[in-house]
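In case you want the letters, here they are:
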Amino acid sequence: PGSFVTLLGPSGCGKTTTLRVVSGLEKPQNGFIYMDGKEIVNAAEAYFAPPSQRNLNLVFQSYALWPHMTVKENIAFGLKIQKLPKEEVDKRVHDSLKMMRIEEYIDRYPNELSGGQQQRVAIARSLVNQPRVLLLDEPLSNLDARLRLQTREEIRRIQRETKITTVFVTHDQDEAMSISDFIVVMKAGVVQQIGKPQAVYDDPDNLFVAKFLGTPPINVFNGSVKGGKVYIGEEAVLSVNGVNDGEVYVGIRPEGFILDENGPLGCKLINVEVMGRDVSVVSSNPASLNPTIRSIINADAGVDHDAETVRFSVKPHKLFLFDKESEKRIRFEVK
């Protein structure tokens, strides 16, 4: 209750379908849905509570504002359908406009508003009914990058102020990581992992989750475990306990590399990209599944831009092992 939960995954993984099922726009073939402990869907018994009884609101990706109505009329429409007193309608509309910081647009029509302003009107229209749950279906995808950043900060601020339980759908992992209390990572209709964003990033359950979260993405290598050591190619990069010998995938986060001239992992240097506080060392290795390896190193480390090779040690908590067949995480203890 009161949390901000994000359904995160690539296009076609079932995020929007899940949202539509919760809202009542779609009927699931199987399963149950509970809201506040009350059953609102029981597919086996063909029981589907109508959307009007679910006390939730859905903000569509396309905003879905009525073009012939002003901002005020769009926001007040649902309240008028409920035949609330005019004073109550006016108060709620005013409070909603103020919360969304769009009071000056009250008499404008949707075609007179920018994309970000239209999005705020759509959210205000949903909040004015005081729903128990707010559903947001990729509401920022039609905005430019700068406006997306501003609007997602506004959405998070509003959610914290109203304490409305919110389910947010996005394929943008940066967006999900920055504003969520919990993320639900999905793939092909199946939940892969649920948890707090940082916890899921630091402790992925499988290779898909590890690859989906993180910018730059995780570096993945063909590797093996022999005699308690993790090998990338012929180089033993880490000593581990509790892992059977065999072929594995080795994942190393970009920030998991330590520049070390005596380090166990050697790579061919391609480029050094200066980012100010950090530098991104771009390199290659025959065992890498990525076209290039990106290593985020402190700018003070002093990378030799003219060197042909670069060597690294690795941070054990930033290195992950995955089964070659199932791609599930193989957990280990560091020797």
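Structural data are supplied above this passage.
Residues numbered from 1 in each chain as written. Predicted model: local features only at pLDDT ≥ 70, side-chain atom pairs only at ≥ 80, totals over all residues. Heavy atoms only, no water.

### Quick look at the overall build of the protein chain
When you go through the protein chain residue by residue, the secondary structure sums to 8 helices and 21 strands. Seen through its C-alpha atoms, the protein chain measures out along the principal axes to roughly 75 × 50 × 25 Å. Of all 335 residues assigned to the protein chain, the portion counted as buried reaches 48%. In the protein chain, 65% of the contacts between residues at least 6 apart in sequence involve partners at least 24 apart. On the protein chain, roughly 17100 Å² of surface is accessible, and the fraction owed to carbon and sulfur atoms is 49%. Taking the 41 positively charged and 43 negatively charged side chains of the protein chain as two groups, their mean positions are separated by 5 Å. (Helix = DSSP H or I, 4+ residues; strand = E, 2+ residues; numbered from the N terminus. Buried < 20%, exposed > 50% of the residue type's maximum accessible area, 1.4 Å probe, protein only. Contact = heavy atoms within 4.5 Å. Areas by Shrake-Rupley, 256 points an atom, 1.4 Å probe, with all protein chains shown as cover. Lys, Arg positive; Asp, Glu negative; His and termini not counted. Charge placed at Lys NZ, Arg CZ, Asp CG, Glu CD.)

### Observations concerning a nonpolar patch on the surface
Judged by side-chain polarity, W66, F77 and I81 come together as a nonpolar surface patch covering roughly 280 Å² of accessible area. Tracing the backbone through its elements, the reader meets I81 in helix α2 (residues 71–81). (Patch = residues over 30% accessible without salt bridge, like charges linked within 9 Å, V, L, I, M, F, W, Y side chains within 5 Å. Salt bridge = Lys/Arg side-chain N within 4 Å of Asp/Glu carboxyl O.)

### Focus on helix α5 (residues 145–162)
The end-to-end C-alpha distance of α5 is 26 Å, a good match for the 26 Å that 18 residues give at a rise of 1.5 Å each. Those residues of α5 that fall on the buried side of the exposure criterion are R148, T151, R152, E154, I155, R156, R157, I158 and Q159. Contact partners of the buried residues in α5: β1 (4–8), α3 (86–100), α4 (115–127), β6 (133–137), β7 (165–170) and α6 (173–179). Of the residues trailing α5, K163 is marked for its positive phi of about 60°. (Expected span 1.5 Å × (residues − 1).)

### Let's talk about the environment of I40
By the element assignment, I40 lies in strand β3 (residues 38–42). In the structure, I40 is positioned 16 residues away from G24 in sequence and 9.2 Å away in space, judged by C-alpha atoms. For I40, the residues in contact, after removing those within four places along its chain, are V22, I33, M35, Y47, F48, A49 and R54.

### Overview of the environment of Y34
Counting through the fold element by element, Y34 comes out in strand β2 (residues 32–35). At 3.4 Å, the side chain of Y34 forms a polar contact with the side chain of E39. (Polar contact = N/O pair within 3.5 Å; in protein donor to acceptor, adjacent residues only side chain to side chain.)

### Comments concerning the pattern of salt bridges
Taken as a whole and assessed by the stated rule, the structure comprises 18 salt bridges. A salt bridge links R101 to E154; its shortest N-O distance comes to 3.1 Å. In this pair, R101 is assigned in the loop between α3 and α4 and E154 in helix α5, connecting sequence segments 53 residues apart. On the accessibility criterion, E154 (11% relative accessible area) is buried. Where R157 meets E161, a salt bridge forms, and the shortest distance between an N and an O atom there is 3.0 Å. One end of the pair is R157 and the other is E161, both in helix α5 and 4 residues apart, which spans about a single turn. Here the salt bridges do not stand alone but share partners, grouping R101, E154, R157 and E161 into one network.

### What to know about the sheet that holds strand β12 (residues 235–241)
In spatial order, the strands read β20-β19-β13-β10-β11-β12-β21; together these 7 strands make up an open sheet with antiparallel pairing. The open sheet has two edge strands with one neighbour each: β20 (329–330) and β21 (333–334). (Pairing = 2+ DSSP bridges.)

### Considerations on the packing of α2 against α3
Close contact between α2 and α3 brings their axes to 10 Å; oriented N to C, the two are set at 125°. What the angle tells us is that α2 and α3 run oblique. Crossing geometry of α2 relative to α3 is assigned as right-handed. Listed contacts from α3 to V71, K72, I75, A76 and L79 of α2 are V89, D90, R92, V93, S96 and L97. Looking at side-chain class alone, the contact of α2 with α3 contains 7 nonpolar, 1 polar and 3 charged residues. (Axes fitted to C-alpha atoms, helices over the stretch in contact; angles between N-to-C directions. Parallel < 35°, antiparallel > 145°, perpendicular 65-115°, else oblique. Left-handed = near helix turned anticlockwise from the far one by under 90°. Nonpolar A, V, L, I, M, F, W, Y, C, P; charged D, E, K, R; others polar.)

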